[in-house]
Amino acid sequence: ADNNTVTFNTLSEGTYSDCKISVTDSAGNTSDNLSVSTFTIDTTGPTLSEVTAITTPSSDNSSSYTFSSDDSGTITYGGSCSSSTSSASSGNNTITFNALADGSYSDCTIIVTDNASNASNTLTVSTFVIDTTGPTLNEVTAVSTPSDTSTPSYTFYSNEAGTITFGGSCSSSTSSASASDNAIT
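The rules behind the values
Residues numbered from 1 in each chain as written. Predicted model: local features only at pLDDT ≥ 70, side-chain atom pairs only at ≥ 80, totals over all residues. Heavy atoms only, no water. Pairing = 2+ DSSP bridges. Helix = DSSP H or I, 4+ residues; strand = E, 2+ residues; numbered from the N terminus. Axes fitted to C-alpha atoms, helices over the stretch in contact; angles between N-to-C directions. Phe/Tyr/Trp six-rings, centres within 6.5 Å; stacked < 30°, edge-to-face > 60°.

(A) Representation of the sheet that holds strand β14 (residues 137-141) in the model. Pairing within the open sheet is antiparallel, and its three strands lie in the order β14-β15-β18. The sheet terminates laterally at β14 and β18 (181-184), the two strands that pair on one side only. Taken over all neighbouring pairs, the strand axes of this sheet differ in orientation by 30 degrees on average, direction set aside. Bridge count between strand β15 (residues 154-158) and β18: four bridges; the pairing is antiparallel. When the sheet's bridge partners are listed, Tyr157 is paired in β18 with Asp181.

(B) Summary view of the packing of aromatic side chains. Under the counting rule described, the total for this entry stands at six aromatic pairs. Centroid distance Tyr105 to Phe128: 5.4 Å. Interplanar angle 20 degrees. Geometry classified as stacked. Residue Tyr105 is located in strand β10 (residues 103-105), and its partner Phe128 is located in strand β13 (residues 128-130); the two are separated by 23 residues in the primary sequence. By way of ring pairs, the aromatic residues Tyr65, Tyr77, Phe97, Tyr105 and Phe128 are connected into one cluster.

Structural data, given as structure tokens:
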């Protein structure tokens, strides 16, 4: 009278609550049915998809990212990105990446492993840029003084393109700076 281990024939994914076993001895006596505890067969990993990409460029070096999973599980991060969030739920999941240095990120990945140890597809986070440093400006050509025109010209250099904001008494219809010398009239 030892323990007996049986291997069930192939079962489809799903929950099984109606399995029973009985034994008939050599004299033809049959035991009472033994109900097998409810169990679930799960051989498929979660499916992940991007919901909200990181705005690019972003001045937030710990940016939030939202993805969807059709199953809960443990998150594994790959590439340059990581997060203190280690579990995903079924539905939308918003995570905040740990602080990232300025630069372009194209190698960040997420995998979710469900409680049956099935790994999801590898979700590649859309490429994004972290830029937490403002442009550097240098004067190239100062306004001549005294000036014989009421619309003097001024040239400055910017190492990044962007929107020009004027302050004080000066203004211009020029509103965009390029990553080079910029003439203002």
